[in-house]
Amino acid sequence: MSAETKSPLRKRRLRTVSWRVRVALSALCLIAGSTIWITNSYLTDRFTLNTRNRAELRLALYSGNLQSELRRNAIVPQLLARDPELIRALEDSDFTQSTARLISFVEEIGAASLVLLDDDGRTVAATDRNRLGESHRQDAVFVDALRSNATVFTAQPRESAGYSFAYSRRLEEQNQVLGVIVVEVDLAKFERAWAGISDAVLVADSQGTIILATEPRWRGLTEGEALARQPASGAIERAIQATSDWTALPADAYLQGEAVMRKEARIPFRGWHIASFTSYTSVRERVNSVLALEIMGFAILLALAFYFSSRKNALRMALFQRESASLRALNQRLQREIAERERMQLSLEVAEQSLAQSSKLAALGEMSAAVSHELNQPLAAMKTYLAGARLLVRRNRPEEALSSFKRIDDLIERMGAITKQLKSYARKGGEDFAPVEMGDALASALSMMEPQLRQRQVKIERIIPDDSVRVMGDRVRIEQVMINLLRNAMDATKGVDEPEIEVLLAAGETATLTVRDNGAGIENLDDLFEPFYTTKQPGDGVGLGLAISSGIVNDLGGRLTARNGQGGGAVFEVQLPILSGEIEAAE
């Protein structure tokens, strides 16, 4: 075959190869564009849905915290309105001890402050002594409480900044109004907690007026007015912003010119609702990072295609090498950006964990009242043991004195366990319930009560099974219930010549602890577990022991009951779910 014949054939082959290369490159570009478009649509919907779900979860958490704080303080005015000491002070106009009593209550209740007003609206007692003498005759917190027979909630703007939230209820005796008790609720702490998040959050009342917000300028406005204060700078900037949001769904609103996602939830309290505004920035970054990887992959494939199609051409080879170097630099830059965005995502998760911990700390004040109530018993026992040890040392009986010091050491360890419980509650993550041996807990409680029982010469009869009786719970709180029941039984036998207390521990379908005394019995079983109900003399107790014990047993899934014995005396019975081998293995 001649050179003239080979030349047209070679040209036809070159044209065929060039046509195939063009088709392959066109197909590769079409596949790349379709893949990027589908990936963008799918990931945008998915990441936007995840962001909305997280926003809804955070709204549920914020709403639950607000509702919990409001409910926790709603019952307080009703309880304080029945306090005999406050009623007597208003009747006699003697308020010398009222402020001290309110201060003792606020530490146990955990409210922001307590204020007692007389029938003329004048502050006669308050946890903040600087407020004594203030007049609230024209305030809604006083006027609404006088007009209503129930507890009244008011939210009114302060002169300085923000809103003041308070529950109030009138105190009356024989249908005569004596005054008003006011319990102020600190909801501003939620604004301080929200200050550390990236979302904008607002809470509005039933009229649509914003009463809580991460933006102080929003308070007192409607949501429309608040958003109007931070619009996009102009129509052109908003159009540019909308163009930059091509990787996200249509925006719900604009804050400072940036598209945001709006989520709203109802708060089951007086028609309140809460709303949050979340930026689409995280969605854009996550979608763009994946798209960058895809673009990089298709760019590498395209470069390889050019490489194989132009490997015989030195000029194309040099061009390809330059493009490859540029792509490698782009790859490194994209990898650095991806690593930085992963670190930002990790920081967001840490912030969400810190936010969950803040809801736990909100209940710390409620727990501290019960802990301080429990520490009084070990302190009293330590005082008794110290007095006995001092007497034994004077009588040259050091061994018996060492025994008293050993008991004091045990009491100190118990107090450390109580404070450890408080610290562990405040620590991130918390601690779950653990198996508790009821026999050991009962022995520890009796050991703590031994000085008082020995001083009163109370006969203790214990019936404990040989096999262990175990429950799932908190040992310190279970011992607190036992000590409260033993102390009540000991107080009930003060007027008995031969006081006796019988303690029975049994195991069946439930773990049952029975405490029986030979005292005078119980006169009013209906109000026995009500707060502030007590049959003791003034100064001997405020009527919180059985109410706290009942709450502890209910938290552990059991129940606390009381009845009068057939032969006289009172019988208290604690029933807790027993811990079997199968349940413990599952735990």
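Residues numbered from 1 in each chain as written. Predicted model: local features only at pLDDT ≥ 70, side-chain atom pairs only at ≥ 80, totals over all residues. Heavy atoms only, no water.

Draft legend 1. Main features of the overall build of the chain. In terms of helices and strands, the chain carries 16 helices and 17 strands. The proportion of buried residues among the 587 residues of the chain is 39%. A separation of at least 24 residues holds for 63% of the contacts in the chain among residues at least 6 apart in sequence. Surface exposure of the chain reaches about 32900 Å², of which carbon and sulfur atoms provide 52%. (Helix = DSSP H or I, 4+ residues; strand = E, 2+ residues; numbered from the N terminus. Buried < 20%, exposed > 50% of the residue type's maximum accessible area, 1.4 Å probe, protein only. Contact = heavy atoms within 4.5 Å. Areas by Shrake-Rupley, 256 points an atom, 1.4 Å probe, with all protein chains shown as cover.)

Draft legend 2. Seen up close, the environment of Asp497. With respect to the helices, strands and loops of the structure, Asp497 is situated in the loop between α14 (475-492) and β14 (500-507). Taking C-alpha positions, Asp497 is 9.8 Å from Val458, a pair spaced 39 residues apart along the chain.

Draft legend 3. Looking closely at the packing of aromatic side chains. A full pass over the atoms with the stated rule returns ten aromatic pairs. Ring geometry for Phe153 against Phe269: centres 4.9 Å apart, planes inclined by 85°, an arrangement best described as edge-to-face. Taken together, the positions of Phe153 in strand β3 (residues 152-157) and Phe269 in the loop between β9 (258-266) and β10 (273-279) put the pair 116 residues apart, joining distant regions of the chain. In this pair, the class of Phe153 matches that of Phe269, namely buried. Linked through ring pairs, Phe153, Tyr163, Phe165, Tyr167, Phe269 and Trp272 together constitute an aromatic cluster. (Phe/Tyr/Trp six-rings, centres within 6.5 Å; stacked < 30°, edge-to-face > 60°.)

Draft legend 4. Representation of the confidence of the model for the chain in the model. For the chain, mean pLDDT is 77; residues scoring 70 or higher make up 78% of the total. Below pLDDT 50 for its whole length, residues 1-6 participates in one contact with residues either more than four positions away or in separate chains. For residues 232-249, every residue scores under 50 in pLDDT, and the model assigns this stretch 26 contacts once sequence neighbours within four places are set aside. (pLDDT = per-residue confidence, 0-100.)

Draft legend 5. Region of interest: the pairing of strand β16 (residues 559-564). Bridging between β16 and strand β17 (residues 570-577) involves six bridges; their strand directions are antiparallel. Directly across from Ala562, in β17, lies its bridge partner Phe572. (Pairing = 2+ DSSP bridges.)

Draft legend 6. Region of the structure containing helix α4 (residues 98-109). Along its twelve residues, α4 runs 16 Å from first to last C-alpha, staying within 8% of the 16 Å computed at 1.5 Å per residue. The complete set of buried residues in α4 reads Ser98, Thr99, Leu102, Phe105, Val106 and Ile109. End-on, the buried residues of α4 take up no more than an arc of 120°, which puts them together on one face. A positive backbone phi angle near 90° is found at Gly110, which sits one or two residues after α4. (Expected span 1.5 Å × (residues − 1). Arc of directions from axis to C-beta.)

Draft legend 7. Representation of the sheet that holds strand β4 (residues 163-173). Pairing is antiparallel in the open sheet, where five strands are placed in the order β2-β1-β5-β4-β3. At either end of the open sheet lies a strand with only one pairing partner, and these are β2 (123-126) and β3. With direction set aside, neighbouring strand axes in the sheet form an average angle of 25°. Here six bridges tie β3 to β4, and the two strands are oriented antiparallel to one another. (Axes fitted to C-alpha atoms, helices over the stretch in contact; angles between N-to-C directions.)

Draft legend 8. Looking closely at the packing of α14 against helix α15 (residues 545-555). Closest axis-to-axis distance for the α14/α15 pair is 9 Å, and the angle between their directions is 145°. Crossing handedness for the pair α14 and α15: left-handed. Facing α14, whose interface residues are Arg477, Gln480, Val481, Asn484, Leu485 and Asn488, α15 presents Gly545, Leu546, Ile548, Ser549, Ile552, Val553 and Asp555. Class assignment for the residues of the contact of α14 with α15 results in six nonpolar, five polar and two charged. (Left-handed = near helix turned anticlockwise from the far one by under 90°. Nonpolar A, V, L, I, M, F, W, Y, C, P; charged D, E, K, R; others polar.)

Draft legend 9. Geometry of the pattern of salt bridges. Evaluation of the coordinates by the stated rule reveals 19 salt bridges. Note that Arg192 and Asp186 form a salt bridge whose closest N and O atoms lie 3.3 Å from each other. For Asp186, a relative accessible area of 28% translates into the label partly exposed. In this structure, Glu337 engages Arg341 in a salt bridge whose closest nitrogen and oxygen atoms are separated by 3.8 Å. Residue Glu337 and its partner Arg341 are both found in helix α10 (residues 314-361); the two are separated by four residues, about one turn of the helix. (Salt bridge = Lys/Arg side-chain N within 4 Å of Asp/Glu carboxyl O.)

Draft legend 10. Summary view of helix α5 (residues 140-147). Buried within α5 we find Val141, Phe142 and Ala145. One side of α5 carries all its buried residues, which in axial view fall inside an arc of 95°. For α5, the secondary structure elements touched by its buried residues are β1 (113-118), β3, β4 and β5 (176-185).

Draft legend 11. Molecular detail of the sheet that holds strand β12 (residues 459-463). Strand order in this open sheet of five strands is β12-β14-β15-β17-β16, and the pairing throughout is mixed. The outermost strands of the open sheet, each flanked by one partner alone, are β12 and β16. Along the sheet, successive strands turn relative to each other by an average axial angle of 15°, direction set aside. Each of β12, β14, β15 (510-517) and β17 is contacted by helix α13 (residues 438-456), which is oriented at about 170° to β14, the strand it contacts most. Strands β14, β15, β16 and β17 of the sheet are contacted by α14, whose axis makes an angle of about 20° with β15.

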